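Examining the three-dimensional arrangement
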Amino acid sequence: MSEPHVTLDPSGLDPVQQKLRGPLEDQLTSALQAAADRVRASYAGEPVEEVCRRLLDETRAGLHPDIAAGFQPDMDEFCRVAVAIVRGEVG
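Residues numbered from 1 in each chain as written. Predicted model: local features only at pLDDT ≥ 70, side-chain atom pairs only at ≥ 80, totals over all residues. Heavy atoms only, no water.

**Topic: the overall build of the protein chain**
Scanning the protein chain from N- to C-terminus turns up five helices and zero strands. Counting from the amino terminus, helix and strand elements in the protein chain follow one another as α-α-α-α-α. A globule of 91 residues ought to have a C-alpha radius of gyration of about 12 Å, and the protein chain, at 13 Å, matches this closely. Taking the principal axes of the C-alpha coordinates as reference, the protein chain spans close to 45 × 25 × 20 Å. A burial count over the protein chain gives 32% of its 91 residues as buried. Within the protein chain, contacts between residues separated by at least 24 positions form 55% of all contacts whose residues are at least 6 apart in sequence. Of the charged side chains in the protein chain, 9 are positive and 16 negative; the average position of the first set lies 1 Å away from that of the second. (Helix = DSSP H or I, 4+ residues; strand = E, 2+ residues; numbered from the N terminus. Rg over C-alpha atoms; globule rule 2.2 N^0.38 Å. Buried < 20%, exposed > 50% of the residue type's maximum accessible area, 1.4 Å probe, protein only. Contact = heavy atoms within 4.5 Å. Lys, Arg positive; Asp, Glu negative; His and termini not counted. Charge placed at Lys NZ, Arg CZ, Asp CG, Glu CD.)

See the structure below:
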């Protein structure tokens, strides 16, 4: 799996968010990639569900609190990243 990336659905964004879409996607992607690195480095055989929860928690921790509060990722996609971590495909 390649490095995880966040893409925002423009139809779900208000006008201000649409103008900030590129920088916001960059910030979310950076936080997700850093979280994936940390979770992968500390992975010790936990189940995918736990890895997915840790990935989400770590990603939100890497964001400004206002952005983290509004971040509602597609959990199916987040769990795909968690599966890749468990399988050793991210890194």
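Structure's up, so let's keep going.
**Concerning the pattern of salt bridges**
Applying the stated criterion across every chain yields a total of seven salt bridges. Residue arginine 21 pairs with glutamate 25 through a salt bridge whose shortest N-O separation is 3.0 Å. With arginine 21 and glutamate 25 both in helix α2 (residues 21-42) and four residues apart, the pair spans about one turn of that helix. Judged by relative accessible area, which is 12%, glutamate 25 ranks as buried. Close ionic contact of arginine 38 with glutamate 58 constitutes a salt bridge, the shortest N to O distance being 2.6 Å. Of this pair, arginine 38 sits in helix α2 while glutamate 58 sits in helix α3 (residues 48-61), and the two are 20 residues apart along the sequence. Its relative accessible area of 38% is what places arginine 38 among the partly exposed residues. Residues joined in a network through salt bridges with shared partners are Glu50, Arg53 and Asp57. (Salt bridge = Lys/Arg side-chain N within 4 Å of Asp/Glu carboxyl O.)

**Description of α2**
Helix length check: α2 (22 residues) gives 31 Å between terminal C-alpha atoms against 32 Å at 1.5 Å per residue, within 8%. Among all positions in α2, only Leu24, Glu25, Leu28, Thr29, Ala31, Leu32, Ala35, Ala36 and Val39 are buried. The arc that holds every buried residue of α2, seen down its axis, measures 165°, which confines them to one face. The exposed residues of α2 that point more than 90 degrees off its buried face are Pro23, Asp26 and Ala41. Looking at the buried side of α2, the elements it contacts are α3, α4 (65-70) and α5 (75-87). (Expected span 1.5 Å × (residues − 1). Arc of directions from axis to C-beta.)

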